[in-house]
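# Structural overview
Below, each chain spelled out in residue letters.
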Amino acid sequence: KASNDLEVTALIETANRYPDAVKRVIVGNEVLLRQDLKPDELIAYIDRVRGAIKQPVSYADVWAFWLKYPQVAEHVDYITIHILPYWEDEPVSVEDAEHHLLANIERIKQAFPGKPILVGETGWPTEGRSRGPATASVLVAAQFARDLPALAERNQFDYNLVEAFDQTWKARLEGTVGARWGIFDAQRQQKYSLAGPVYP
């Protein structure tokens, strides 16, 4: 709780100090998925921030957890969902990723009409084990990252690509694949470009 209070206070101060730079705010990331907080505890933090700043406020979690805890949507200005086709309970291939993304965005739109949606996390790992039809490789990750901007433009959604840099510490929690989602490796070397040839 002490750490959360420090983070929330810093968030409020930063949003108010830099209103031209901070365009929107997210309070909490996958805390319902991890069971760090109960929904009412999370809502209290969201309401605290929302009452103290002018920017739109959201909470970020896997798309299915918005459906599991729909009451959270009443306390946010926009909905931030994570859609990671490789990591889903039923993973899909990169060829089916576009359909998977659009189907889940539509599912959330239907559940929460009128709420803007941000795809807070989407991406593909460059190394690690296969999960059924979902294979991890530089070639597949490059294909996913290159296809995403046009898909988002055609279907009018904002997104964050996961992620800029590999995070090696995640290997302890998620194995090799968890640490290899970056466009750049941990030494800041680019693993693939967003145009031109890709070399495995």
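Details of the structure are given in the entry above.
Just so it is clear, the structure is predicted and the values come from calculations on it, not from any experiment. Along every chain, residues carry numbers that run from 1 in the direction the sequence is written. Thresholds applied to this predicted model are a pLDDT of at least 70 for local features of residues and 80 or more for the giving and counting of side-chain atom pairs; totals over whole chains, interfaces and linings are not thresholded and use all residues. To get the side-chain values, take all heavy atoms of the structure and skip hydrogens and water.

### Remarks on the nonpolar core
The criterion is simple. A nonpolar core is a set of buried Ala, Val, Leu, Ile, Met, Phe, Trp, Tyr and Cys residues joined through side-chain atoms within 4.5 Å. Only protein chains enter the accessibility calculation, which uses a 1.4 Å probe; a residue whose area is less than 20% of its type maximum is buried, one above 50% is exposed, and one in between is partly exposed. Of all hydrophobic cores here, the largest spans 55 residues; its most connected members are Y59, W66, V72, I81 and W124. Helix and strand definitions here come from DSSP, where helices need a minimum of 4 consecutive H or I residues and strands a minimum of 2 consecutive E residues; each element is numbered from the N-terminal end. Sorting elements by how many residues they give to this core places helix α5 (residues 138–155) first, with nine residues. Whether two residues are in contact is decided by their heavy atoms: any pair within 4.5 Å suffices. Those residues in contact with V72 that lie beyond four places of it in its chain are L32, L42, I43, I46, Y59 and W66.

### Observations regarding the pairing of strand β4 (residues 117–123)
Within β4, seven of the seven residues are buried, which leaves it mostly tucked inside the rest of the structure. Here, a strand pair is defined by DSSP locating no fewer than two bridges between the strands. Pairing of strand β3 (residues 79–82) with β4 involves four bridges; the strand directions are parallel. Directly across from I79, in β4, lies its bridge partner I117. Note on handedness: a clockwise path from strand one over the helix to strand two, with the strands aimed away from the viewer, defines a right-handed crossover. A crossover connection joins β3 to the parallel β4 through helix α4 (residues 94–111); in handedness this β-α-β unit is right-handed. Sheet analysis places β4 next to strand β5 (residues 158–162), joined by four bridges and oriented parallel. Residue pairing across strands places L118 opposite D158, the latter belonging to β5. On the question of chirality, the crossover connecting β4 to the parallel β5 by way of α5 is right-handed.

### A look at the pattern of salt bridges
A carboxyl oxygen of Asp or Glu within 4 Å of a side-chain nitrogen of Lys or Arg is what we treat as a salt bridge. What the rule picks out here adds up to nine salt bridges. With its nearest N and O atoms 2.7 Å apart, the salt bridge here joins R50 to D77. Placement of the pair is R50 in helix α2 (residues 39–50) and D77 in the loop between α3 (63–68) and β3, with a sequence separation of 27 residues. Where E98 meets R154, a salt bridge forms, and the shortest distance between an N and an O atom there is 3.4 Å. In this pair, E98 is assigned in helix α4 and R154 in helix α5, connecting sequence segments 56 residues apart. We classify R154 as exposed; its relative accessible area is 55%. Put simply, K1, D5 and R48 are held in one network by salt bridges that share partners.

### Quick word on unusual backbone geometry
Geometrically, the link from V162 to E163 is a cis peptide bond, its omega value of 0 degrees lying close to zero. For E163, the position within the fold is in the loop between β5 and α6 (171–178). At E30, a residue that is not glycine, the phi angle is positive and equals roughly 60 degrees. Among the structural elements, E30 can be located in the loop between β1 (25–29) and α2. For R188, which is not a glycine, the phi torsion comes out positive at approximately 70 degrees. By the secondary structure assignment, R188 is in the segment after α6.

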